[in-house]
Amino acid sequence: MLIDTLIEERSKGSASIASTTRTKLLLKGIDLKKYTAQSDDDPGVIKSIKQIADEMGINLKV
Amino acid sequence: MSVKVAKTNNPDPYAAADELRTSLSGIKPVMVLFFASSIYGPDGISAAMKQAFPDSTVLGCSTAGEIISGHMLKNSVVAMAFDTGTIKGVHADTIPLDSIRSVDTTLNHLAGALDASPLSLDPERYVGLILFDGLSGAEESTMERIGDLTNIQVIGGSAGDDLGFSATYVYLNGKAFTKTAIFAILEPSSRFDIIKTQSFCSLGKKLTPTKVDSATRKVLEFNGKPAAEAYAEAIGVSCTDASSHFMEYPVGLMADGEPFVRSPQRIDGDAICFYCQVREGVDLDILSSTDIISDTKKAVDEINAATPIAAIINFNCILRTLDLEQKGKTDEYGKIFSGIPTIGFSTYGEEYIGHINQTATMLVFLK
């Protein structure tokens, strides 16, 4: 899932950075509880996540 | 490890700074942090504090009340001096809040002084301290950008002006600033921790903002209904009574079971204005207040029991202070910190990962 990739890329295996990154995403308006691997692709949400990745300097390969 | 705290209510800024210098003598501070009531003119108190501590990085802000070990104060200046036993190094600069690009400039500059990039700073080694002009309305965007750039924890508060809501100031090395944040990267000499305590529990009821004006921190609709009506319905009161329940029943973003509180400020027509930004489509839990004294004491005691605390910087929301004042519990709150070198202030907003309300965020230096 795109969100998981973003968190993995940012945290590089650190559980505390992963947790903080999840909170940062929530504060930016991405509520992780609403999305699972089975969720339909929402172009608006995908665009937001890609934009956040850009802002964080993360290159999401999709 | 050496850290000292001092307070004064001498109304003359230079005499006040001189009293603080005398009280804080005996250590050679690398950093002096101070919080001053808005009765002190901004230019005078900042210049006086730098003159008193010319060899230290001197930073601070105006307040809506001050905190020092054992006491909650008004119309005073409190200060904390850190020597190299507590803080190995400090790099501080301003972030002008008129352009979000300033965040990148300041963080790159400060990290560069440590031969690092903001992202490569070790979160176990460094911590960020931030003080905002509390009337800037720029906390959310600034904290988000800082969070984009670095993994270090950033904690702080928004300056106050004793509920005047006319002008708040941040101070760095003798100068006073508005529309600015002061950002410092600290390298504590020992381990450090963060306390975030907000004395609320979730009622299990949710409001989803469905129409929001982010720029003005205003929610127009919750759950597809006028915001004031939906909020009043959720807490079981009439629309006309809703605002009198704001302090007791704010709302919160739930992250890992922990609320990030968003406090309603006032009703504007059918809308509700908040003290911080609310995002469209992100569920908010309705919160119910619990006991500030016992919750705060528990949070401090838990850390102190695991590793003795050397010092605390406490950013305590003005709404918590007003609640404590209403209940006659300010002395009890101050006493939680009696045995611990502590300074803090009553803020117009607290910072930890983002901008939050009705919370105390504390930077805890461990022995």
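My aim in this report is to walk through the structure given alongside it, one point at a time. On a predicted model such as this, the values are computed, not experimentally measured, just so you know. (Residues numbered from 1 in each chain as written. Chains lettered and ligands numbered in written order. Predicted model: local features only at pLDDT ≥ 70, side-chain atom pairs only at ≥ 80, totals over all residues. Heavy atoms only, no water.)

## Topic: the overall build of chain B
Looking only at helices and strands, chain B has nine helices and 27 strands in total. Compactness check: chain B gives a C-alpha radius of gyration of 20 Å against a globular reference of 21 Å for 367 residues, within 12% of the reference. C-alpha extents for chain B along the principal axes are approximately 60 × 45 × 40 Å. Counting all 367 residues of chain B, 59% fall into the buried class. In chain B, the share of contacts with a sequence separation of at least 24, taken over all contacts with a separation of at least 6, comes to 81%. (Helix = DSSP H or I, 4+ residues; strand = E, 2+ residues; numbered from the N terminus. Rg over C-alpha atoms; globule rule 2.2 N^0.38 Å. Buried < 20%, exposed > 50% of the residue type's maximum accessible area, 1.4 Å probe, protein only. Contact = heavy atoms within 4.5 Å.)

## Remarks on the packing of helix α1 (residues 13–23) of chain B against helix α2 (residues 42–52) of chain B
All names here are of chain B. Close contact between α1 and α2 brings their axes to 8 Å; oriented N to C, the two are set at 35°. Considering how the two elements wind past one another, α1 and α2 form a crossing that is right-handed. Where α1 abuts α2, its residues Pro13, Tyr14, Ala17, Leu20 and Arg21 lie against Gly44, Ile45, Ala47, Ala48, Met49, Gln51 and Ala52. The residue inventory of the contact of α1 with α2, partitioned by class, reads nine nonpolar, two polar and one charged. (Axes fitted to C-alpha atoms, helices over the stretch in contact; angles between N-to-C directions. Left-handed = near helix turned anticlockwise from the far one by under 90°. Nonpolar A, V, L, I, M, F, W, Y, C, P; charged D, E, K, R; others polar.)

## Observations regarding the interface of chain B and chain A
Listed by partner, the interface residues are 22 residues for chain B and 15 residues for chain A. Here chain B and chain A share an interface that buries about 1,700 Å² over both sides, 51% of which is from carbon and sulfur atoms. At the surface where chain B touches chain A, the tally comes to three salt bridges. The closest approach of N and O atoms between Glu144 of chain B and Lys28 of chain A, which form a salt bridge, is 3.9 Å. (Buried area = accessible area lost by both parts, 1.4 Å probe. Salt bridge = Lys/Arg side-chain N within 4 Å of Asp/Glu carboxyl O.)

## Some remarks on the sheet that holds strand β10 (residues 170–172) of chain B
Residues and elements named next belong to chain B. Taken together, the six strands give an open sheet; going across it, the order is β1-β6-β2-β3-β10-β11, and neighbouring strands pair in mixed fashion. Single-partner strands in this sheet number two, and they are β1 (3–8) and β11 (175–177). Neighbour to neighbour, the strand axes of the sheet diverge by 15° on average, direction disregarded. Here seven bridges tie strand β2 (residues 31–37) to strand β3 (residues 57–63), and the two strands are oriented parallel to one another. Pairing of Met31 across the sheet is with Thr57, part of β3. (Pairing = 2+ DSSP bridges.)

## Remarks on unusual backbone geometry
Residues and elements named next belong to chain B. Unlike most non-glycine residues, Asn75 shows phi in positive territory, near 55°. Structurally, the position occupied by Asn75 is in the loop between β5 (71–73) and β6 (77–82). Backbone geometry places Ser199, a non-glycine residue, at a positive phi of 50°. By secondary structure assignment, the location of Ser199 is in the loop between β13 (192–197) and β14 (200–207).

## Notes on the packing of aromatic side chains
All names here are of chain B. All told, the structure shown has nine aromatic pairs over all chains when counted by the stated rule. When the centroid spacing of 4.7 Å and the interplanar angle of 20° are considered together, the rings of Phe165 and Tyr348 count as stacked. Taken together, the residues Phe165 in the loop between β9 (153–158) and β10 and Tyr348 in the loop between β24 (342–347) and β25 (350–352) connect sequence positions 183 residues apart. Taking relative accessible area as the criterion, Tyr348 reaches 10% and is therefore assigned buried. Pairing Phe222 with Phe274 gives two aromatic rings, centres 6.4 Å apart and planes at 85°, and the pair type is edge-to-face. In this pair, Phe222 is assigned in strand β16 (residues 218–222) and Phe274 in strand β21 (residues 271–274), connecting sequence segments 52 residues apart. This pair shows no difference in class: Phe222 is buried, exactly as Phe274 is. (Phe/Tyr/Trp six-rings, centres within 6.5 Å; stacked < 30°, edge-to-face > 60°.)

## Overview of the nonpolar core
Soluble globular proteins tend to bury their nonpolar side chains together. All names here are of chain B. Grouped together as the largest cluster of nonpolar side chains are 62 residues, with contacts concentrated most on Leu33, Phe35, Leu131 and Leu186. Here this core takes seven residues from helix α5 (residues 227–235), the largest share from any one element. Residues in contact with Phe35, not counting those within four places in the same chain, are Cys61, Thr63, Glu66, Ser76, Val77, Val78, Leu131, Ile313, Phe315, Ile343, Gly344 and Phe345. If you look at the next biggest cluster of nonpolar residues, it comprises 20 residues, including Ala6, Leu24, Phe34 and Tyr171. (Core = buried A, V, L, I, M, F, W, Y, C linked by side-chain atoms within 4.5 Å.)

## Quick notes on a nonpolar patch on the surface
A contiguous nonpolar surface patch, about 260 Å² in accessible area, is contributed by Leu135, Leu163 and Phe165 of chain B. On the secondary structure map, Leu163 of chain B appears in the loop between β9 and β10. (Patch = residues over 30% accessible without salt bridge, like charges linked within 9 Å, V, L, I, M, F, W, Y side chains within 5 Å. Areas by Shrake-Rupley, 256 points an atom, 1.4 Å probe, with all protein chains shown as cover.)

## With respect to the pattern of salt bridges
Residues and elements named next belong to chain A. All chains considered together, the criterion is met by 23 salt bridges over all chains. Notably, a salt bridge pairs Lys28 with Glu55, separated by 3.2 Å at the nearest N-O pair. Here Glu55 lies in helix α3 (residues 43–55) and Lys28 lies in the loop between α2 (15–27) and α3, a separation of 27 residues in the sequence. Looking at Glu55, the relative accessible area reads 28%, which means it is partly exposed.

## With respect to helix α4 (residues 139–149) of chain B
Buried residues dominate α4 of chain B, accounting for ten of its eleven residues. Considered for burial, the residues of α4 of chain B that qualify are Glu139, Glu140, Thr142, Met143, Glu144, Arg145, Ile146, Gly147, Asp148 and Leu149 of chain B.

## Regarding the side chain of Ser62 of chain B
All names here are of chain B. Mapped onto the secondary structure, Ser62 falls in strand β3. You can call Ser62 buried: its relative accessible area is 2%. Within the structure, Ser62 has its side chain in polar contact with the backbone nitrogen of Tyr169 (distance 2.9 Å). Discounting residues that sit within four places of it in the chain, Ser62 has contacts with Ala36, Ala159, Gly160, Thr168, Tyr169, Tyr171 and Phe345. (Polar contact = N/O pair within 3.5 Å; in protein donor to acceptor, adjacent residues only side chain to side chain.)

## Side note on α5 of chain B
Residue and element names in this part refer to chain B. The buried count for α5 comes to seven of nine residues, which makes it a mostly enclosed element. Along α5, the positions that sit buried rather than exposed are Ala227, Ala228, Ala230, Tyr231, Ala232, Ala234 and Ile235. Looking one or two places after α5, you find Gly236, whose phi comes out positive at around 75°.

## Observations regarding the pairing of β9 of chain B
Residue and element names in this part refer to chain B. With five of six residues buried, β9 is to be regarded as a mostly interior element. One ladder, built from six bridges, connects strand β8 (residues 127–132) with β9; its direction is parallel. Following the sheet pairing, Gly128 is matched in β9 by Val154. Assessed by its sense of winding, the connection that carries the chain from β8 through α4 to β9 is right-handed. Note that β9 and β25 share three bridges and pair antiparallel. Paired with Gly157 across the strands is Glu350, a residue of β25. (Right-handed = clockwise from strand over helix to strand, strands pointing away.)

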